[in-house]
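Fold and contact review
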Amino acid sequence: MPRLENDLTTLGDAARAYLDRTHGLHIGGNVHDTARSYELKDPTSGLVFARAADASAADVDAAVKAARSALAGPWGSMRPNERELAMLRLADLLERHETEIAEIETLCSGRLLANTRGVDVGYSAHFLRYMAGWSTKLAGQTARLSIPYIPDGEMAGFTFREPIGVVGAIVPWNVALGIAVWKIAPALAAGCTIVLKPAAQTPLSALRFAELALKAGIPEGVINIVTGSGAETGIALVRHPDINMVTFTGSTAVGRQIAVDAAGSFKRCSLELGGKSPVILFQDAPLERAIPAAAWAIFSNHGQNCCAGSRLYVHRSIYEQVIEGVAEIARSITIGSPLDKATQMGPVVTQAQQKRIHELIEAGKAEGARVVVGGEPIEGPGSYVPPTVLTDVRADMTPVREEIFGPVLVAASFATDGEALSLANASEYGLGASIWTNDLDRVHHMTRRLEAGSIWVNVHNALDVALPFGGWKNSGMGADLSETAVLAHTKVKAAVHHYL
Ligand code: NAD
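Going by an unreviewed UniProt entry, the chain carries the name Aldehyde dehydrogenase and comes from Devosia elaeis. Reading the Sequence similarities (unreviewed entry) entry of the UniProt record for the chain gives the comment "Belongs to the aldehyde dehydrogenase family."

Below you can see the structure in the form of structure tokens.
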């Protein structure tokens, strides 16, 4: 039986030294102490390993003021290529601190070290470099004008793209630093300053990242980090009158509340919310690839991916074979400490999340779903959930409708393409969808008709920095990544020049 609890003696010196420090907020380039703090618990054991600062509304106000003065000061007057170079240096520094940052992230979240290394550090560095390039490429338009009520003379028109201003960013724990960088990098490229609130469970990687940004030459006050709860710190940030844009990733329920809170002062809002993404295997699916892909579409990151393939729809001619193949993989997954290289699945983030996942599994059982594998809680102090497959599900069952955000797959069969489409679209969410087929007509037909922001063919959860990633329906509004994200952090100014 693999070890379930983390062995903290295996952490590197840099992560240990960082964890031993007192963690304040990061405001104006300095550590800012708060009146209150809270405990951080290791999800593998429930043991407290550090404390984090709990920011009040007054602390958030100090962070917004620091961001505003950096915008009016050194950052606002830097040339685009200077911003670009600083972001490139930050990407290098992040890679140099890979082990330290990945270990901190793994300890807070329970995510596998390979995942925090690859995604929160590797992908973040890659994305920072991509976005750095946009700093020098933001351009406006020019036009010769013909305004009917100004008949004399010649006129020219120009547009400028200005930074939208101070950005308030709020992010979840499931890819904590990775998503924080999805928010920070386009803001920097556009010339904005930022106040970021990480999830309460995973505050440390963003604080460390902000220190590295200073070393990279990004001036004090450009990136500010306020840690604490959503109920106090998060709300104070969204409602702050001097924030120009709110960019949020998290649950649909909180996103809805944020949209209401931000509307009061007409803040621009980008909301990346929950998902219940379908994986659809047609009768001609390449099964040797599609079966493992369907399994890992839900089990990777312990099911805690916004675009996890949490609903599996399979043509009835291959249904039994696919379910057995996915169940076989589920049974073989090594569960254990996320610091251990041999582990394939660690704990979910908290005991509260573990309890919620099991409640949703129980609801499914009571409604008639069949448990093929998993389903029973793993006893112990860690918040582990076994890979679980529920079959014979209907669209109205609770675990089919609700985002579970854990390693739980629901599966059903279909007879026709039309039925597959209706099952896939019968959801309040519309984040991603993957289809597995080599039939070109079917690919085009389904791609056009699936109601989701990202459609993947013979691959799942393929997020490239150059493509926008955003949800349809209750999965959000706006998009992260790509040119779309950087333009969302700008406001347009039109200027008319009447030649005398
Ligand atoms: P959550 O909505 O509970 O919390 C997200 C963040 O919002 C946290 O920092 C939290 O402290 C803060 N918050 C909570 N209430 C708030 C309020 N009233 N005002 C301001 N801030 C508040 O989500 P979570 O449990 O941390 O993350 C899981 C969710 O995130 C899932 O629904 C998942 O699908 C979603 N997610 C979406 C994407 C995407 O790109 N669409 C990516 C990753 C995760």
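After that view of the structure, there is still more to cover.
Right, let's get into a positive patch on the surface. On the surface, Arg161, Arg268, Lys491 and Lys493 cluster together into a positively charged patch. Within the secondary structure layout, arginine 268 lies in strand 11 (residues 268–272).

A few words on the side chain of lysine 197. Along the chain, lysine 197 falls in strand 8 (residues 193–197). No salt bridge is formed by the buried lysine 197, whose closest oppositely charged neighbour, aspartate 54, lies at an N-O distance of 8.2 Å. One polar contact links the side chain of lysine 197 to the main-chain carbonyl oxygen of glycine 228, over a distance of 2.9 Å. Those residues within four positions of lysine 197 in sequence are excluded, and the remaining contacts are Ala169, Ile170, Val171, Val226, Gly228, Ser229, Gly230, Thr233, Gly234 and Leu237.

Now for the UniProt feature "domain: Aldehyde dehydrogenase" (unreviewed entry) in the chain. UniProt feature "domain: Aldehyde dehydrogenase" (unreviewed entry): in the numbering of this structure it lies at residues 35–494. Helix makes up 42% of residues 35–494 and strand 21%. Its end C-alpha atoms lie 46 Å apart.

Time to look at the nonpolar core. If you look at the biggest cluster of nonpolar residues, it comprises 72 residues, and the most contacted ones within it are Leu128, Met131, Leu204, Phe209 and Ile223. Of all the elements, helix 7 (residues 176–190) adds the most residues to this core, at eleven residues. Here this core gathers at least three residues from each of two domains, domain 1 (8–273 + 476–494) and domain 2 (278–464). Among residues more than four places away in sequence, those in contact with phenylalanine 209 are Leu90, Leu94, Leu128, Leu177, Val181, Ile184 and Ile223. Counting residues in each nonpolar core, the second largest holds 31 residues, with Ala285, Ile291, Val314 and Tyr384 among its members.

Vacant regions in the atomic arrangement are exposed by a probe of water-molecule size rolled over the atoms. Tallied over the full model, the rule gives four cavities of 30 Å³ or more. There is about 80 Å³ of room inside the largest cavity. Residue lining of the largest cavity: Tyr18, Arg21, Thr22, His23, Gly24, Leu25, His26, Val31, Leu207 and Glu211, and that is the complete set. Sorting the residues of the lining of the largest cavity by element identifies strand 1 (25–27) and helix 8 (204–215) as the ones contributing at least two each. Counted by class, the lining of the second largest cavity contains six nonpolar, five polar and two charged residues.

Interfaces are often described in size by the accessible area the parts lose on coming together. We note that the domain assignment places domain 1 (8–273 + 476–494) and domain 2 (278–464) within the chain. Computed over C-alpha atoms only, the centres of domain 1 and domain 2 are separated by 31 Å. With 23 residues of domain 1 at the interface, the matching set in domain 2 holds 26 residues. The contact between domain 1 and domain 2 buries some 1900 Å² in all, and 62% of this surface belongs to carbon and sulfur atoms. Sorting the residues of domain 1 by area buried against domain 2 places Thr44, Leu112 and Trp173 first, and these three jointly supply 28% of that buried surface. Here domain 1 is connected to domain 2 by zero salt bridges. Inspection of the region where domain 1 meets domain 2 yields six residue pairs in polar contact (both at pLDDT 80 or more).

Conventions we followed
Residues numbered from 1 in each chain as written. Predicted model: local features only at pLDDT ≥ 70, side-chain atom pairs only at ≥ 80, totals over all residues. Heavy atoms only, no water. UniProt positions renumbered as here; feature names shortened; annotations may be inferred. Patch = residues over 30% accessible without salt bridge, like charges linked within 9 Å, V, L, I, M, F, W, Y side chains within 5 Å. Areas by Shrake-Rupley, 256 points an atom, 1.4 Å probe, with all protein chains shown as cover. Salt bridge = Lys/Arg side-chain N within 4 Å of Asp/Glu carboxyl O. Lys, Arg positive; Asp, Glu negative; His and termini not counted. Charge placed at Lys NZ, Arg CZ, Asp CG, Glu CD. Helix = DSSP H or I, 4+ residues; strand = E, 2+ residues; numbered from the N terminus. Buried < 20%, exposed > 50% of the residue type's maximum accessible area, 1.4 Å probe, protein only. Polar contact = N/O pair within 3.5 Å; in protein donor to acceptor, adjacent residues only side chain to side chain. Contact = heavy atoms within 4.5 Å. Core = buried A, V, L, I, M, F, W, Y, C linked by side-chain atoms within 4.5 Å. Domains from an automatic or database assignment. 1 Å grid on protein atoms, 1.4 Å probe; cavity = no way out; pocket = protein on both sides within 12 Å on 5 of 7 lines; lining within 4 Å. Points joined across faces, edges and corners; volume = space filled by probe spheres on them. Nonpolar A, V, L, I, M, F, W, Y, C, P; charged D, E, K, R; others polar. Buried area = accessible area lost by both parts, 1.4 Å probe.

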